[in-house]
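Spelled out from the first residue to the last, the chains are:
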Amino acid sequence: MLPDFSRFLLPPLFSDLQQAAEDGPVIIVNSSQYSCDAMIILSAKDPVHVPLNIAQADVLELSKEFQSLIRNAGSSDNQLREIVSVLRTLWECVVGPIVDNLRDFAKPRSRIWWCPTAEFALLPLHAAGPYAKKSHNFHDLYISSYTPTLAALVRARQQTAQDASTLRFVAIGQGTPDEGKALPHVAAEVDNIARRVTPILPFTSLMDSDATVQRALDALNTHQWVHLACHGMPNREKPFESSFMMRDGPLTITDIIRPRLHTPEFAFLSACHTTVGYESSPDESIHLAAAMQFSGFRSVIGSMWSVDDEVVGHIVSAFYDNMIDGSGKLDCGRAAVALHKAVKKLRKKIPLEQQIVLVHIGV
């Protein structure tokens, strides 16, 4: 039998999928016409079933309400209250019951992974909470990551980390695309990254006129660490045509996943709408962040909705400060914790919807 083909055309064994939970529980959240449920996947124990006190129709309405609110976020204090109301409902009906069970398996402030399906895929489970004095929201209890599937997380874990001496970092910034509004803070964002990364890794930047589709593709193929600061363009009708806007046109998902990239490790997608599907097929895994993971990147940061390029610049600076380990090296396995610490540091300085917009996917 050929190596690695023992399960060819067969479903994976659950014991193999359990490897996804080696570094912390994975929580699958699902809605159907029959019930809404969570399943806590553990590495060495049977999964834990958590029935949720919410109907599929209510999840759909909650998702639609949140998407509507977030499109106009920041326009009024009343809108902020309505966003908080959605996050409280998420806590009461979904995340709170999960936490009640999770306490038996995960220590406070440890890592967990969300694997939302169906209508849950458009909701920020990591941001749920009672939002009341002397109470804890989910981000006070655990450090969240996401994964589109258990198998995707298993594959990311199985990839071998690269020797630090062979790693290269590229920042691709497109603040003046031919289409779409200018992003005036992109240059400062890339400069701040350069100051932090240059002493550690060989650093390249592609800015504005140099940030073309072909040069970006060449950079993705020759650099293991990538930071993209540009417009993200979701395509609801043709997900594979979702793209990052370069100077000469769109860099599409198809462009990214077609070549076999050379040992990619980490990508920060400082662009809008890079981690969610669409209301017509919310759990469709083909979005910009998932494309980066499927292309081999073990760890990806992306956004669930529109990001403010000035605000995200502050988060990016704090993030890379926390990505450097005790030996002075960058470690993609620190990404979830680094994002958690960066947002915590800035929580009192940035709007709520921008505090919770970025999420981590992968190891």
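Conventions used here
- Residues numbered from 1 in each chain as written.
- Predicted model: local features only at pLDDT ≥ 70, side-chain atom pairs only at ≥ 80, totals over all residues.
- Heavy atoms only, no water.
- 1 Å grid on protein atoms, 1.4 Å probe; cavity = no way out; pocket = protein on both sides within 12 Å on 5 of 7 lines; lining within 4 Å.
- Points joined across faces, edges and corners; volume = space filled by probe spheres on them.
- Nonpolar A, V, L, I, M, F, W, Y, C, P; charged D, E, K, R; others polar.
- Helix = DSSP H or I, 4+ residues; strand = E, 2+ residues; numbered from the N terminus.
- Polar contact = N/O pair within 3.5 Å; in protein donor to acceptor, adjacent residues only side chain to side chain.
- Contact = heavy atoms within 4.5 Å.
- Pairing = 2+ DSSP bridges.
- Axes fitted to C-alpha atoms, helices over the stretch in contact; angles between N-to-C directions.
- Parallel < 35°, antiparallel > 145°, perpendicular 65-115°, else oblique.
- Left-handed = near helix turned anticlockwise from the far one by under 90°.
- Phe/Tyr/Trp six-rings, centres within 6.5 Å; stacked < 30°, edge-to-face > 60°.
- Buried < 20%, exposed > 50% of the residue type's maximum accessible area, 1.4 Å probe, protein only.
- Lys NZ or Arg CZ within 6 Å of the ring centre and 35° of its normal.
- Patch = residues over 30% accessible without salt bridge, like charges linked within 9 Å, V, L, I, M, F, W, Y side chains within 5 Å.
- Areas by Shrake-Rupley, 256 points an atom, 1.4 Å probe, with all protein chains shown as cover.
- Salt bridge = Lys/Arg side-chain N within 4 Å of Asp/Glu carboxyl O.
- Lys, Arg positive; Asp, Glu negative; His and termini not counted.
- Charge placed at Lys NZ, Arg CZ, Asp CG, Glu CD.
- Core = buried A, V, L, I, M, F, W, Y, C linked by side-chain atoms within 4.5 Å.

This brings us to empty space enclosed by the protein. Here the structure, examined in full by the defined rule, presents 1 cavity of 30 Å³ or more. Of the pockets and cavities examined, the largest cavity occupies roughly 230 Å³. Surrounding the largest cavity, 17 residues form its lining, H126, H139, S144, H340 and L358 being those nearest its centre. Looking at the lining of the largest cavity, its residues break down into 10 nonpolar, 6 polar and 1 charged.

The residue T147 is located in the loop between β5 (143–146) and α5 (150–158) in this model. Polar side-chain contacts of T147 include one of 2.7 Å to the backbone oxygen of T149. Not counting the four nearest positions on each side in its chain, T147 is found in contact with V26, W114, C115, P116, A152, L153 and I361.

Let us look at the sheet that holds strand β10 (residues 243–246). Taking strand neighbours across the sheet as the criterion, the 3 strands line up as β9-β10-β11 in an open arrangement whose pairing is antiparallel. In this open sheet, the two strands that pair with only one neighbour each are β9 (232–233) and β11 (249–252). Bridging between β10 and β11 involves 4 bridges; their strand directions are antiparallel. Residue pairing for β11: M245 is matched across the bridge by P250. The strands touched by helix α7 (residues 213–222) within the sheet are β10 and β11, with β11 carrying the most contacts at an inclination of about 25°.

Take unusual backbone geometry next. Despite not being glycine, A118 shows a phi value in the positive range, around 50°. Although it is not a glycine, K134 adopts a positive phi angle of roughly 60°. If you trace the backbone, K134 turns up in the loop between β4 (111–116) and α4 (138–141).

What follows is about the packing of helix α2 (residues 56–71) against helix α3 (residues 77–102). The geometry of α2 relative to α3 is characterised by a closest axis approach of 10 Å and an angle of 150° between their N-to-C directions. As far as their axial angle goes, α3 and α2 are roughly antiparallel. In this structure, α2 meets α3 at a crossing whose hand is left-handed. Along the contact surface, α2 presents L62, E65, F66, L69 and I70, while α3 presents Q79, E82, I83, V86, L87, T89 and L90. When its residues are assigned to classes, the contact of α2 with α3 shows 8 nonpolar, 2 polar and 2 charged.

Between helix α10 (residues 309–322) and helix α11 (residues 335–346), the shortest axis-to-axis distance is 8 Å and the interhelical angle comes to 130°. By the angle class used here, α10 and α11 are oblique. Here the hand of the crossing between α10 and α11 comes out right-handed. Contact with α10, carried on its side by H314, I315, A318, F319 and N322, involves A335, A338, L339, K341, A342, K345 and L346 of α11 and no other residues of that element. When grouped by side-chain class, the residues that make up the contact of α10 with α11 number 8 nonpolar, 2 polar and 2 charged.

All right, on to the packing of aromatic side chains then. A full pass over the atoms with the stated rule returns 11 aromatic pairs. Look at F319 and Y320: their rings are 5.0 Å apart centre to centre, the planes differ by 80°, and that puts the pair in the edge-to-face class. Residue classification places Y320 among the buried positions, given a relative accessible area of 1%. Site record: aromatic cluster; members linked through ring pairs are F169, F203, W225, F266, F268, F319 and Y320. The positively charged end of R157 is found above the aromatic ring belonging to W113, 4.7 Å away from the centroid.

By the criterion of burial, strand β12 (residues 266–270) is predominantly enclosed, with 5 of the 5 residues buried. Neither face of β12 is left uncovered, since the one carrying F266, F268 and S270 and the one carrying A267 and L269 both have all their residues buried. In this sheet, β12 lies alongside strand β8 (residues 225–229) in parallel orientation, the contact comprising 5 bridges. Within β12, the residue paired with A229 across the bridge is S270. Sheet analysis places β12 next to strand β13 (residues 299–303), joined by 3 bridges and oriented parallel. When the sheet's bridge partners are listed, F268 is paired in β13 with I301.

A separate point is a negative patch on the surface. A cluster of like negative charges, contributed by D58, E61, E65 and E82, occupies part of the molecular surface. It is α2 that contributes the most residues to the negative patch, 3 residues altogether. Residue position: E65 is located in helix α2. By relative accessible area, E65 is classed as partly exposed at 38%.

Nonpolar side chains in soluble globular proteins generally cluster together in the buried interior. V94 and F319 are the most contacted members of the largest nonpolar core, which has 110 residues in total. Here this core takes 12 residues from α3, the largest share from any one element. In this view, F319 contacts F266, F268, I301, A335, A338, L339 and A342; residues no more than four positions away in its chain are not counted. L17, V26, W113 and C115 belong to the second largest nonpolar core, which has 10 residues in total.

A word on the pattern of salt bridges. For the structure on display, the rule yields 4 salt bridges. Across the pair D100 and R103 runs a salt bridge, and its minimum N-O distance is 3.3 Å. Measuring nitrogen to oxygen at the nearest pair gives 2.7 Å for the salt bridge that ties D321 to R196. Note that D321 is positioned in helix α10 and R196 in helix α6 (residues 186–197), a separation of 125 residues in sequence. Residue D321 is classed as partly exposed on the basis of its relative accessible area of 40%.

Nothing here speaks to function; it is geometry throughout.
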